[in-house]
Amino acid sequence: MHLRAGRNALVEWLPLETIVFDGADAQSTVKVDCADARASPAGEIIAYGRRASREQFRNGRFRQAIEIRRGDKLLWAEYGEVHGADPLFDSPIGYAGRAVSGLFWLARSGRRTRSRRATTTTTTAHHETLQANDLQAGVTRLPGGIMLARCLGDSTEQVRDHLLRDLEGLAAGYARRGQRHCHACGRPDRDELSVRQDN
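None of the values given here were measured: they were computed from a predicted structure. (Residues numbered from 1 in each chain as written. Predicted model: local features only at pLDDT ≥ 70, side-chain atom pairs only at ≥ 80, totals over all residues. Heavy atoms only, no water.)

Relative to the assigned elements, Glu12 resides in the loop between strand E1 (2–5) and strand E2 (18–20). Remark: the alpha-carbon pair of Glu12 and Gly43, spanning 31 residues in sequence, is separated by 8.7 Å. (Helix = DSSP H or I, 4+ residues; strand = E, 2+ residues; numbered from the N terminus.)

Structure, rendered in structure tokens:
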């Protein structure tokens, strides 16, 4: 998937979760060119196996690549590969026994993100929720207007809800006021949006 946002645009890419079935050999690639976009919130949630059906990701391979650019400049990238029954799934420095991994990110141009105090308040407010739902989560602030929110859990719904709260908390009101939305993106009428899905 390749998304490109024009000047002053806002692009949202928050699709439904990807389920990696046992025996799958799959790759996910997301490339975002935020150019002079006002904001580019996006993310992916990956579910390994189907816990409700007692199916685990025992065999196969899943590769993931995410790149965020502003024009020709690479702002942030992450590349990963896991195999079925990979020790990382049970490792405390990996997935810590969780079957669902979520990553949302926000790229902003020309506007400051919330203060460090506001960010701390946002994450502290979710501490009880994390404990109650047995989630692990964290927020990272990077140069270039990039913020990352991660979450590990056993339910796609819980992971998505937590990450959406983080996203709204870190950039309250970044988009959703008086604007028309489609299922994958939100933008003012005059914005330019280009989405290309590579086969």
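The structure having been displayed, the exposition proceeds.
Looking now at the side chain of Asp33. Mapping Asp33 onto the fold places it in strand E3 (residues 25–33). Here Asp33 is buried and forms no salt bridge, its nearest opposite-charge partner Arg4 lying at an N-O distance of 5.8 Å. Separated by 3.0 Å, the side chain of Asp33 and the backbone nitrogen of Gly71 make a polar contact. Apart from the residues lying within four places of it in its own chain, the contact partners of Asp33 are Leu3, Arg4, Ala5, Arg69, Arg70 and Gly71. (Buried < 20%, exposed > 50% of the residue type's maximum accessible area, 1.4 Å probe, protein only. Lys, Arg positive; Asp, Glu negative; His and termini not counted. Salt bridge = Lys/Arg side-chain N within 4 Å of Asp/Glu carboxyl O. Polar contact = N/O pair within 3.5 Å; in protein donor to acceptor, adjacent residues only side chain to side chain. Contact = heavy atoms within 4.5 Å.)

The next subject is the packing of aromatic side chains. Enumeration according to the criterion identifies 7 aromatic pairs in this entry. With a centroid separation of 5.9 Å and an interplanar angle of 35°, the aromatic rings of Tyr48 and Phe57 are classed as tilted. Assessed through its relative accessible area of 4%, Phe57 is described here as buried. Consider the rings of Tyr48 and Phe62, whose centres lie 6.1 Å apart with planes at 80°: the pair is edge-to-face. Placement of Tyr48 in strand E4 (residues 39–48) and of Phe62 in strand E5 (residues 61–70) is noted, with a sequence separation of 14 residues between them. With relative accessibility at 6%, the residue Tyr48 sits in the buried group. Connected via pairs of aromatic rings, a cluster forms that spans Tyr48, Phe57, Phe62, Phe89 and Tyr95. (Phe/Tyr/Trp six-rings, centres within 6.5 Å; stacked < 30°, edge-to-face > 60°.)

Pairing is mixed across the open sheet formed by 5 strands, whose spatial order is E2-E4-E7-E9-E8. Every other strand in the sheet has two partners, leaving E2 and strand E8 (136–142) as the edge strands with one partner each. Neighbour-to-neighbour, the strand axes of this sheet turn through a mean angle of 15°, independent of strand direction. Across 7 bridges, E8 lies against strand E9 (residues 146–153) in antiparallel orientation. Across the sheet, Leu142 pairs through a bridge with Ile146, a residue of E9. (Pairing = 2+ DSSP bridges. Axes fitted to C-alpha atoms, helices over the stretch in contact; angles between N-to-C directions.)

This brings us to the environment of Val159. Relative to the helices and strands, Val159 resides in helix H3 (residues 156–170). Since its relative accessible area comes to 0%, Val159 is described here as buried. Separated by 113 residues in sequence, Val159 and Ile46 place their C-alpha atoms 10.0 Å apart. Leaving out residues up to four positions away in the same chain, Val159 has contacts with Ile45, Val100, Gly102, Leu135, Cys151, Leu152 and Gly153.

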